[in-house]
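Examining the three-dimensional arrangement
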Amino acid sequence: MLVNPVKNLKEDDVKIFLVEGTSLKLLEDTLKDFKSLKPKVEKVMEIEKFKGKKGESIKLIDPLLYIFSLGESEKITEDAYREVAAKVSARLKKDKIGKAVVIADTKYSKAITEGLMLGVYDFDKYRTKDKEDRFDVEAINILNGNQKDIKLGSITADAQIFSRNLVNEPGCVINPITLANIAKEECEKVGLEVHVYDEKWIQEQGMNGLWMVGKGSETPPRFIHIIYKPKKNKKKSKKIAIVGKGLTFDSGGLNIKTGDYMRTMKLDKSGACNTIAIMRAIAKLEPDVEVHGFIGAAENMPDGKAYRPDDIIVFRNGKTAEIDNTDAEGRVTLADVLSYASEQNPDVIIDMATLTGACVVALGEFTAGLFANDQTLADTLLNISKITGERLWQLPLDDENLREKIKSPVADIKNTGGRYGGAITAAMFLQEFIADGIKWAHLDIAGPAFTEKEYKYYSKGGTGFGVRTLIDYILNTK
Ligand code: BES
Ligand code: MN
Ligand code: ZN
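Reading the values: the criteria
- Residues numbered from 1 in each chain as written.
- Chains lettered and ligands numbered in written order.
- Predicted model: local features only at pLDDT ≥ 70, side-chain atom pairs only at ≥ 80, totals over all residues.
- Heavy atoms only, no water.
- Buried < 20%, exposed > 50% of the residue type's maximum accessible area, 1.4 Å probe, protein only.
- Helix = DSSP H or I, 4+ residues; strand = E, 2+ residues; numbered from the N terminus.
- Donors = N, O, S within 2.8 Å, 3.2 Å for Na, K, Ca; no water.
- Tetrahedral: all angles 85-135°; square planar, octahedral: opposite > 155°, others 65-115°.
- Near = heavy atom within 4 Å.
- Polar contact = N/O pair within 3.5 Å; in protein donor to acceptor, adjacent residues only side chain to side chain.
- 1 Å grid on protein atoms, 1.4 Å probe; cavity = no way out; pocket = protein on both sides within 12 Å on 5 of 7 lines; lining within 4 Å.
- Sits in = over half its atoms within 2 Å of the grid points.
- Expected span 1.5 Å × (residues − 1).
- Arc of directions from axis to C-beta.
- Pairing = 2+ DSSP bridges.
- Points joined across faces, edges and corners; volume = space filled by probe spheres on them.
- Nonpolar A, V, L, I, M, F, W, Y, C, P; charged D, E, K, R; others polar.
- Phe/Tyr/Trp six-rings, centres within 6.5 Å; stacked < 30°, edge-to-face > 60°.
- Lys NZ or Arg CZ within 6 Å of the ring centre and 35° of its normal.

This part takes up helix H16 (residues 467–475). Of all nine residues that make up H16, eight are buried, and the element is covered over most of its length. Those residues of H16 lying buried are Val467, Arg468, Thr469, Leu470, Ile471, Asp472, Tyr473 and Ile474.

Right, dumping it as structure tokens:
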């Protein structure tokens, strides 16, 4: 679906007004014949008992127009526009209307564009039965919309959709090798440099965490490095590393998950899918900052060759860990990826990982846990998330009593820290692999990366949560 700005309204345009509460001012200001229309609109409002609550809508048949409300004006945020815009495009899809014009406060052009594009998303490629009924909305224009914001919103939403599509593919389609192939193909297409390394290289490089987790699978692990360098590199630009957890399927390994918990574990590659999506978007947006994407792709499976509880791993950076539970595999793969990323001397490392069920218990499924070794970085991400609508909540890394729990009698650390504070001890494990002097933030996206019910502009399945916030972060790095 395309979103474009448009300068004029035409007689036969399907018009969609995004209004605050029940206000008709926007209609008054834009429609010449509003006087004759007003009684009609008011009548429909009365019949439909239109209260002007967020997302509430009315439809007028002749002329064909829709009014969607954003709710009370004091509660209106950027994300409210995104949410209502998603309702708009979903409605057009349902009503089989291929083209329309949105009339709204144009300072929200980016959020409206994102909402419109995300609202029609549906992972329908494997559903054969309702194919005939399906309808694609072709284009929605925004009256006097801001060209630059619409372009930015389109690229951002497109990235989020790219990530969703990849997350939604099951483990029989996406394994470490196919994930690496897609990363290479899709990123090279937009001019990025991509290196994919095989299991031989992974072992030679001492990435034993990634190797050990991956070796129980039919499909060996892969290490993916994606590079964006700004063209006009006059002054020395900042360097950002994005790291994504890339477990194409997490069965738990020998500490195998039971059925209910194993279900949906195709989601465990969400951080990686986000990383690929973000890198593609960055290639199109061309900011003046160097960005590297790092992914350790592996499948966690039980097998005669699988790693075991009690195993001791020597990681790339020389630290050692005792395996307490093979289902705490994400941190074991990320250890080596974070070490490798650290060696590239970035100013900042941000990782995204569906790391712990404990984080979902702590914050619920709609908020990601944020951890950082630098409060300015944490605050920057928290502020951006308020605009992007991707909820973050900071959790602590300074609890030294909790840190004791990942100590091991036979190695430097062990890969679990018990039931209490599980999201925090997992983050503390990762912190061991961040080199001194590098600013680091970790987003535990286990909750919001995937949804089993629709909400806001999310349909069932992968959400691409984190993509918008990180793109915004990169674009605002100077
Ligand atoms: N991938 C899971 C975490 C997860 C759980 C993501 C639910 C999304 C939804 C991770 O690898 C895992 O299995 N973590 C264990 C850690 C435990 C064994 C210490 C968990 O959270 O139960
Ligand atoms: Mn696991
Ligand atoms: Zn996992």
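Here we take up the coordination of the manganese ion (ligand 2). Distances from the manganese ion (ligand 2) to its protein donors, Asp250 (OD), Asp327 (O), Asp327 (OD) and Glu329 (OE), fall at 2.1 to 2.2 Å. Classification of the site at the manganese ion (ligand 2) as irregular follows from its six donor atoms and the range of 70 to 168 degrees in their angles at the metal. Ordering the donors of the manganese ion (ligand 2) by residue number gives the pattern D-x76-D-x1-E. Between the two metals, the manganese ion (ligand 2) and the zinc ion (ligand 3), the spacing is 3.2 Å, and Asp250 donates to both. Pair noted here: Asp250 is in strand S9 (residues 239–250) and Asp327 is in the loop between strand S12 (320–322) and helix H11 (330–343), with a separation of 77 residues, a long-range link. Owing to a relative accessible area of 22%, Asp327 belongs among the partly exposed residues under this scheme.

Here we take up the site of ligand 1. Taken together, 16 residues sit near ligand 1, with Lys257, Asp268, Asp327, Glu329 and Gly357 positioned nearest. Between ligand 1 and Lys257, the relevant distance is 2.8 Å, taken from an oxygen atom to a side-chain nitrogen or oxygen of the residue. At a separation of 2.7 Å, an oxygen atom of ligand 1 approaches a polar backbone atom of Gly357. When atom positions are compared with the pocket grids, ligand 1 is found to occupy the largest pocket.

Take helix H6 (residues 176–189) next. In a regular helix each residue adds 1.5 Å, so 14 residues correspond to 20 Å; H6 covers 20 Å between its end C-alpha atoms and thus fits that length. Those residues of H6 that fall on the buried side of the exposure criterion are Pro176, Leu179, Ala180, Ala183, Glu186 and Cys187. Summarising the axial view, the buried residues of H6 lie within an arc of 145 degrees, below the 170-degree limit, and thus occupy one face. Away from the buried face of H6 by more than 90 degrees, exposed residues Glu185 and Lys189 are located.

When you tally the buried positions in strand S17 (residues 439–444), you get five out of six residues, the bulk of the element. As defined by bridge partners, strand S13 (residues 348–353) adjoins S17 across six bridges and the pair is classed as parallel. What sits directly across from Ile350, in S17, is Ala441.

Moving on: the layout of surface pockets. The computed volume of the largest pocket comes to approximately 1200 Å³. If you go around the largest pocket, you meet 42 residues; those closest to its centre are Lys257, Thr356, Gly357, Ala358 and Val360. Elements that contribute at least two residues to the lining of the largest pocket include exactly S9, helix H9 (259–262), H11, helix H12 (357–363), helix H15 (422–431) and strand S18 (450–451). When residues in the lining of the largest pocket are grouped by element, the largest group, five residues, is from H12. For the lining of the largest pocket, the class distribution of residues is 15 nonpolar, 14 polar and 13 charged. Roughly 880 Å³ of volume is contained in the second largest pocket. For the second largest pocket, the lining is made up of 38 residues, of which Tyr121, Asp122, Glu454, Ser459 and Lys460 are closest to its centre. Mapped by element, the contributors of at least two residues to the lining of the second largest pocket are helix H3 (78–94), helix H4 (109–119), helix H5 (147–168) and S18.

Looking now at the packing of aromatic side chains. In this structure the tally under the stated criterion is 16 aromatic pairs. Consider the rings of Phe223 and Phe294, whose centres lie 6.4 Å apart with planes at 35 degrees: the pair is tilted. Of the two residues, Phe223 sits in strand S8 (residues 222–228) while Phe294 sits in strand S10 (residues 290–300), which places them 71 residues apart along the sequence. A relative accessible area of 0% means that Phe223 is categorised as buried. For Phe294, a relative accessible area of 1% gives the class buried. On the basis of an interplanar angle of 45 degrees and a centroid distance of 4.8 Å, the ring pair of Tyr455 and Tyr458 is categorised as tilted. Pairwise contacts between aromatic rings join Tyr197, Trp201, Phe223, Phe294 and Tyr340 into one cluster. Its end group placed over the ring of Phe162, Arg280 keeps NZ or CZ at 4.2 Å from the ring centre.

Shape descriptors only; they carry no functional weight alone.
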